[in-house]
Amino acid sequence: MATGELNPNHFPARRAAKVVQHYLNTRYGSPYRLFGLEEVLSATAEDVDDTGRRYHLQISAHEIISNRKQKCSAEVFFPRGEPTQPAEVKASCEELLQNTTAQEEALYQRYKGNHSLLSAQYIPDSQGNIEPDMMPFWHLSIAASSFIMLNESTENTLYNMAQVAQITQLETESDELKFDSLMLLHDMVSQEILHWKLLFTWSPAGGVKVQQMKQIPKPHH
Amino acid sequence: MKSVWLLLVLVAAVKAERTFVGDQVLRITLQSQEQLRVLQSLEHEEEWQLDFWLHPVSTDLPVDIRVPSSSLSTIKEFLLTHNIPFTVIIENLQELIDMEKTEMEENQKKKQSTRSINFGAYHTLETIYSWMDTLVTQYPHLVTKQEIGKSYENRPMYVLKFSTGGTNRPAIWIDTGIHSREWVSPATGLWTANKIASDFGSDASLTSLLNTMDIYMLILANPDGYVYTHTNDRMWRKTRSLNSGSLCRGVDPNRNWDAGFGGPGASTSPCSDSYHGPFAHSEIEVKNVVDLIKSHGNFKSFISVHAYSQLLMYPYGYTCTDVADKAELDSIGRAATQKLTSLYGTYYKVGNICNIIYPASGGSIDWSYDTGIKYSFAFELRDTGYYGFLLPSNQIIPTATETWLALKHIMEYVRDHPY
């Protein structure tokens, strides 16, 4: 793998930058906030003895829902060795909004009532359609799946969310909304679709928290 | 008796389509937590083969269960014994399925008779194939349809040839849909075929191109895979060939070409989505194209269309070494994507496959380039991962329209640089 100054358009820099996207979504993602990787502006990489490789990146992140772009500085460290440890990320962006929004509160209240527990399948559907009511849960699912994608990312993967196969809201005594789900993730490098069971919670104040994540074998046909 | 039953099961399995004759769907409105618990315990009863359409989650929500006809009387008795009221919301599921099927078939027929198709929607193989015939009927002096061979499951593979005559004119090849889950690719192919036919005669540049060159379009390069994404698995990528010694089917058709075959970026495992296959051109879908290109002998450009990532790439994938024509291909790519971006601001990256996306051996445009077809390009269309393979249908036409500007640029360049 290349060391020193990297071509920002080539895959080594892009893979590292994608990890930053996942990191941002685990921390700041919500039903109404989601980040995409727009561009790698510059990148360097260095080996850290035998322990791993560190990337320094300047990226342009795109907050998808408000359609705002901002620059971020980030460091991604991919540890070497077995068993594979997750990447370590540090990032700071021009302006990372932390405040919860009125929309988040309204959504939370609506589903907190326990009278209308969410249950849905195949978001988006085969034609790429998502019901307007389901859009916040699409975003929430991407944010929650970002925990998996962050955990699983290496220099040899490039993860994107493929589809929410199933999402069911569970009754819970605590403040957060709780969801059980089956997420389909796409790794561009191997071209595989990975199936993950994900149990997670969300509240405007607490953000997304993952309780359990487990990869399940996909049915072969 | 047992052998008859076994035979029926085998027949049903072979037909691979389940029947639901006499099955009913019951709706239960729960009246207490106790009843909720009773139903939740039913979920674990395997012998009755209950299929919960709405699971027992809370007393506020209905529970819908598809009950196979063989378990009907047992279940109804069970519910009555427990004082759990139910209504039959579907009396005979098979009837409903049959009705729906008939309706869909009628809709299909309607589409055929109106000579128009909704380009802003994703279509089945049947609809695409019948539209091809419509196109040929509408533009008989420009378009012909050629069968170039069959797929693994014996479906015809059709190429549309756009030609104003001549004999074996220099030609441009475009294929879409080789990876079946990339639905926006054949959707773009469909729109583009229509665009070429309808703009011929009015667009000066396209008309001059077609006066000296032919265009060949293979809209569904992987028909079996495409059907499978409609019937069974929307995320299927490969062909549907049987792999001996494995339960897993299919070969990645874009790792199966004879270009660095078996090299980096391709898997040796039949269960992998990037399995290269037992040998180069083992897949009939690939062989059919190879045979056509070779026997024609006069292709000057070869363009494969994929999705997603927003990239325009040139060879190689099987090695990161630059091709001899790198500078020229790179400059064509940049000019083409500039035109693409000018329409909606959609940003594309340009480069060779190996550096831009990953090392990947056995790819179509590496093969075409090594055969001597200099202007070999691969597109990865919208988007960059937000919707990925599930690109909303309302983005089909914008995608096709912007891509057309890039395609046109490449084709005009090929026309103006004969070799």
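Residue positions are counted from 1 within each chain, in the order its sequence is given. Chain letters and ligand numbers both follow the written order, the letters beginning at A and the numbers at 1. Where totals are concerned, whole chains, interfaces and linings use all residues; where local detail is concerned, this predicted model gives features only for residues with pLDDT of at least 70, and gives and counts side-chain atom pairs only at 80 or more. Note that water and hydrogens are dropped before the side-chain values are worked out from all heavy atoms of the structure.

Per an unreviewed UniProt entry, chain B goes by the name Carboxypeptidase A4 and belongs to Oryzias melastigma.

**Re the overall build of chain A**
A helix here means a DSSP run of H or I that spans at least four residues, while a strand means a run of E at least two residues long, and both kinds are numbered starting from the N terminus. Secondary structure summary: chain A contains three helices and 10 strands in total. Ordering the α and β elements of chain A from the N terminus gives β-α-β-β-β-β-α-β-α-β-β-β-β. C-alpha atoms define the radius of gyration in this analysis, and the globule rule sets the expected value at 2.2 Å times the number of residues to the power 0.38. For chain A, the C-alpha radius of gyration of 18 Å lies close to 17 Å, the compact-globule estimate for 221 residues. Structurally, chain A occupies a C-alpha span of about 55 × 45 × 35 Å along its principal axes. Three exposure classes are used, based on accessible area relative to the maximum for each residue type with a 1.4 Å probe and protein chains only: buried under 20%, partly exposed in between, and exposed over 50%. Evaluated residue by residue, chain A yields a buried proportion of 51% over its 221 residues. In this analysis, two residues are considered to be in contact whenever any of their non-hydrogen atoms come within 4.5 Å of each other. For chain A, the proportion of contacts with a sequence separation of at least 24, taken over those separated by at least 6, is 56%. Surface exposure of chain A reaches about 9900 Å², of which carbon and sulfur atoms provide 46%. Distance from the positive charge centre (19 side chains) to the negative charge centre (27 side chains) of chain A: 0 Å. Using the Shrake-Rupley algorithm and a 1.4 Å probe, accessible areas are obtained, with residue cover drawn only from the displayed protein chains. As used throughout, the charge tally considers Lys and Arg to be positive and Asp and Glu to be negative, leaving His and the chain termini uncounted. Note that the charge is assigned to NZ on lysines, CZ on arginines, CG on aspartates and CD on glutamates.

**Regarding the overall build of chain B**
Per the secondary structure count, chain B includes 13 helices and 12 strands. Along the first, second and third principal axes, the C-alpha atoms of chain B reach 85 × 45 × 45 Å. Classification of the 419 residues of chain B by burial places 56% in the buried group. When the accessible surface of chain B is split by element, carbon and sulfur atoms take 54% of a total near 18000 Å². Of note, chain B has its 36 positive side-chain charges centred 6 Å away from the centre of its 46 negative side-chain charges.

**Focus: the nonpolar core**
Residues and elements named next belong to chain B. Counting residues in hydrophobic clusters, the biggest one holds 105 residues, and the most contacted among them are Phe162 and Phe379. Broken down by element, the residue count for this core peaks at nine residues, all from helix α13 (residues 396-416). Excluding residues within four positions of it along the chain, Phe162 makes contact with Leu135, Leu142, Val143, Ala193, Ile196, Ala197, Leu210, Met213, Asp214, Ile215 and Met217. Residues Leu218, Trp257, Val290 and Trp367 belong to the second largest nonpolar core, which totals 29 residues. The set of buried Ala, Val, Leu, Ile, Met, Phe, Trp, Tyr and Cys residues whose side-chain atoms join them within 4.5 Å is what this entry labels a nonpolar core.

**So, the packing of aromatic side chains**
Ring pairs are drawn from Phe, Tyr and Trp, using the six-membered ring of Trp, whenever the two centres fall within 6.5 Å, and their geometry is named by plane angle: stacked under 30 degrees, edge-to-face over 60, tilted for the rest. Enumeration over the complete set of coordinates arrives at 25 aromatic pairs over all chains. A centroid spacing of 5.6 Å and a plane angle of 90 degrees characterise the contact between Tyr55 of chain A and Phe78 of chain A, whose relative ring orientation is edge-to-face. Placement of the pair is Tyr55 of chain A in strand β3 (residues 52-63) and Phe78 of chain A in strand β4 (residues 68-79), with a sequence separation of 23 residues. Residue Phe78 of chain A is classed as buried on the basis of its relative accessible area, which comes to 4%. On the basis of an interplanar angle of 90 degrees and a centroid distance of 5.8 Å, the ring pair of Tyr316 of chain B and Tyr369 of chain B is categorised as edge-to-face. Pair noted here: Tyr316 of chain B is in the loop between β10 (311-314) and α10 (326-344) and Tyr369 of chain B is in helix α12 (residues 364-370), with a separation of 53 residues, a long-range link. Residues Tyr316 of chain B and Tyr369 of chain B agree in their burial class; the two are buried. Positioned above the aromatic ring of Trp183 of chain B is the side chain of Arg234 of chain B, whose terminal nitrogen or guanidinium carbon lies 3.8 Å from the ring centre. The criterion is that NZ of a Lys, or CZ of an Arg, lies within 6 Å of the ring centre and within 35 degrees of the ring normal, and then a charge sits over that ring.

**A few points about a nonpolar patch on the surface**
There is a patch of nonpolar side chains on the surface, built from Tyr152, Leu242 and Ile284 of chain B and spanning about 270 Å² of accessible area. Looking at where Tyr152 of chain B falls in the secondary structure, it is placed in the loop between β5 (143-150) and β6 (156-162). For patch building, the residue pool is restricted to those with more than 30% relative accessible area and no salt bridge; the joining distance is 9 Å between like charges and 5 Å between nonpolar side chains (Val, Leu, Ile, Met, Phe, Trp, Tyr). Basic side-chain nitrogens of Lys or Arg form a salt bridge, by our definition, when they fall within 4 Å of a carboxyl oxygen of Asp or Glu.

**Quick notes on the state of the cysteines**
Should the sulfur atoms of two cysteines be covalently bonded, the bond is a disulfide. All names here are of chain B. Criterion for a disulfide: a pair of cysteine sulfur atoms within 2.5 Å. Evaluated as defined, the whole model comprises three disulfides over all chains. Between the sulfur of Cys248 and that of Cys271 lies a disulfide, 2.0 Å long from S to S. The S-S bond linking Cys248 to Cys271 shows a torsion near 85 degrees; that makes this disulfide right-handed. Pair noted here: Cys248 is in the loop between α8 (223-231) and α9 (284-296) and Cys271 is in the loop between α8 and α9, with a separation of 23 residues, a long-range link. The exposure class assigned to Cys248 is buried, which follows from its relative accessible area of 3%. In chain B, numbering the disulfide-bonded cysteines from first to last in sequence yields the connectivity 1-2, 3-4.

**Topic: the pattern of salt bridges**
What the rule picks out here adds up to 34 salt bridges over all chains. The shortest N-O distance in the salt bridge between Arg80 of chain A and Glu155 of chain A comes to 3.7 Å. Remark: Glu155 of chain A occurs in the loop between α3 (135-152) and β7 (159-170) and Arg80 of chain A occurs in the loop between β4 and β5 (88-93); sequence separation between them is 75 residues. A relative accessible area of 39% places Arg80 of chain A in the partly exposed class. A salt bridge links Arg255 of chain B to Asp252 of chain B; its shortest N-O distance comes to 3.9 Å. Since its relative accessible area comes to 3%, Arg255 of chain B is described here as buried. Among the charged side chains, a network of salt bridges with common partners joins Glu46, Arg54, Glu75 and Lys90 of chain A.

**Structural notes on the layout of surface pockets**
A pocket, in this scheme, is an open set of points on a 1 Å grid over the protein atoms alone with protein on both sides within 12 Å along at least 5 of 7 lines, while a cavity is a set where a 1.4 Å probe fits but cannot get out; residues line either one if an atom lies within 4 Å of a point. Grid points are joined across faces, edges and corners, and a volume is the space filled by probe spheres set on the points. Estimated volume of the second largest pocket: approximately 1000 Å³. Every residue lining the second largest pocket is counted, 45 residues in all, and those nearest its centre are Leu37 of chain A together with Gln310, Asp383, Thr384 and Gly385 of chain B. Among the secondary structure elements, those contributing two or more residues to the lining of the second largest pocket are α1 (11-28), β2 (35-48), α3 and β7 of chain A. Looking at the lining of the second largest pocket element by element, the count peaks at seven residues for α1 of chain A. For the lining of the second largest pocket, a count of residues per class yields 22 nonpolar, 14 polar and nine charged. For this classification, the nonpolar set comprises Ala, Val, Leu, Ile, Met, Phe, Trp, Tyr, Cys and Pro, the charged set comprises Asp, Glu, Lys and Arg, and every other residue, Gly included, is treated as polar.

**Focus: unusual backbone geometry**
Residue Tyr316 of chain B follows Pro315 of chain B across a cis peptide bond; omega there is 5 degrees. That bond from Arg382 of chain B to Asp383 of chain B is cis: its omega, -5 degrees, falls within 30 degrees of zero. Within the fold, Asp383 of chain B resides in the loop between β12 (375-381) and α13. Phi at Asp49 of chain A is positive, roughly 45 degrees, even though this residue is not glycine. Tracing the chain through its elements places Asp49 of chain A in the loop between β2 and β3. Despite not being glycine, Gln49 of chain B shows a phi value in the positive range, around 50 degrees.

**Brief notes about the interface of chain A and chain B**
On the chain B side, the residues contacting the 37 residues of chain A number 39 residues. If you look at where chain A meets chain B, you find one salt bridge. With its nearest N and O atoms 3.6 Å apart, the salt bridge here joins Lys218 of chain A to Asp273 of chain B. Pairs of N or O atoms are called polar contacts if they sit within 3.5 Å, as long as, within protein, a hydrogen donor faces a hydrogen acceptor (for residues adjacent in sequence, only side-chain-to-side-chain pairs). For the interface between chain A and chain B, the tally reads 11 residue pairs in polar contact (both at pLDDT 80 or more). Counting only elements with at least two residues in the side of chain A that touches chain B, the list comes to α1, α3, β7 and β9 (192-203) of chain A.

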